[in-house]
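Secondary and tertiary structure notes
Listed below, chain by chain, are the residues.
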Amino acid sequence: MTKRGEFPSLMAHLRWADERTWQSLARIDDPPTRTVELYAHIIGAEETWLARMTGNLARMPVWPDWPLDRVHEMADMVHRELAILAESMEADGGSREVDYVNSAGQAFKSTVADMVRHVAQHGAYHRGQIAMLLRGDGLVPEPTNYIAFVRGAPAATRLPSD
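These notes cover the structure that comes with them. (Residues numbered from 1 in each chain as written. Predicted model: local features only at pLDDT ≥ 70, side-chain atom pairs only at ≥ 80, totals over all residues. Heavy atoms only, no water.)

Remark: helix H2 (residues 33-54) packs on helix H4 (residues 112-136), axes separated minimally by 9 Å, with the N-to-C direction vectors making an angle of 175 degrees. Classified by the interaxial angle, the pair formed by H2 and H4 is roughly antiparallel. (Axes fitted to C-alpha atoms, helices over the stretch in contact; angles between N-to-C directions. Helix = DSSP H or I, 4+ residues; strand = E, 2+ residues; numbered from the N terminus. Parallel < 35°, antiparallel > 145°, perpendicular 65-115°, else oblique.)

Here we take up the pairing of strand S1 (residues 97-101). Residue alternation in S1 divides its side chains into a buried set, Val 98 and Tyr 100, and an unburied set, Glu 97, Asp 99 and Val 101. Pairing of S1 with strand S2 (residues 107-111) involves five bridges; the strand directions are antiparallel. Paired with Asp 99 across the bridge in S2 is Lys 109. With antiparallel pairing between neighbouring strands as the criterion, S1 and S2 make up a hairpin whose turn holds five residues, including Gly 105 at a positive phi of roughly 85 degrees. (Buried < 20%, exposed > 50% of the residue type's maximum accessible area, 1.4 Å probe, protein only. Pairing = 2+ DSSP bridges.)

Our focus in this paragraph is H4. Over its 25 residues, H4 extends 36 Å from the first C-alpha to the last, a length consistent with the 36 Å expected when each residue adds 1.5 Å. Looking at the buried side of H4, the elements it contacts are helix H1 (6-26), H2, helix H3 (68-89), S1 and S2. In the stretch just after H4, Gly 138 is the one whose phi turns positive, near 80 degrees. (Expected span 1.5 Å × (residues − 1). Contact = heavy atoms within 4.5 Å.)

A few words on the pattern of salt bridges. With the rule as written, the count across this model stands at eleven salt bridges. For Glu 6, the salt bridge identified is with Arg 117, shortest N-O distance 2.8 Å. With Glu 6 in helix H1 and Arg 117 in helix H4, the pair connects residues that are 111 residues apart, well separated along the chain. With a relative accessible area of 38%, Glu 6 lands in the partly exposed category. Glu 142 serves as the salt-bridge partner of Arg 20, at 2.8 Å between the closest nitrogen and oxygen. Of the two residues, Arg 20 sits in helix H1 while Glu 142 sits in the loop between H4 and helix H5 (146-151), which places them 122 residues apart along the sequence. Given the relative accessible area of 24%, Glu 142 is considered partly exposed. Beyond isolated ion pairs, a larger network of salt bridges with shared partners links Glu 6, Asp 114 and Arg 117. (Salt bridge = Lys/Arg side-chain N within 4 Å of Asp/Glu carboxyl O.)

Quick look at the packing of aromatic side chains now. Taken as a whole and assessed by the stated rule, the structure comprises four aromatic pairs. Between Trp 49 and Tyr 100, the aromatic rings sit 5.3 Å apart at their centres with planes inclined by 70 degrees, giving edge-to-face as the arrangement. Placement of Trp 49 in helix H2 and of Tyr 100 in strand S1 is noted, with a sequence separation of 51 residues between them. Across this residue pair, the class does not change: Trp 49 and Tyr 100 are buried. Considering the side-chain rings of Tyr 146 and Phe 149, the 6.0 Å spacing of their centres and the 50 degrees angle between planes classify their relative orientation as tilted. Pair noted here: Tyr 146 and Phe 149 are both in helix H5, with a separation of three residues, about one helical turn. (Phe/Tyr/Trp six-rings, centres within 6.5 Å; stacked < 30°, edge-to-face > 60°.)

The next point concerns the side chain of His 122. Following the sequence through the fold, His 122 ends up in helix H4. Apart from the residues within four sequence positions on either side, His 122 is in contact with His 41, Ile 42 and Ala 45.

In short, the description is geometric, and any link to function would need to be established separately.
So, in structure tokens, the structure goes:
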């Protein structure tokens, strides 16, 4: 991976990891409903936070009840726009503060940097849940670890016991 600033790197990993998660689900004839719901939520939340950071209206709900392919199409657009936002943050470090209202109706103010870091961590959390659910069904999810992204090789896995 080429040297990038913190925010472009986080968003490049996010795009890569979301795509690999989609690939894990798309290769299953009938992926478990909860895994599709979580994937849709990852993308819905990314879109919601992007809308907050850019002052736009969100184009999808935080928990969309959409088919996998439709969510994947939206993911491509969201990822492109998050990458542009991340590149623009390099000048000021994301110090701009944004007023927003969360899904519970509470008002907050956060820096764009904190919002981008949240988006990255939120997705990692739910991708881990998806991986656990798939493994519980005897399936093998694509690795999405940050270290696998930066070095181009999956993280070590547990060796089978003797």
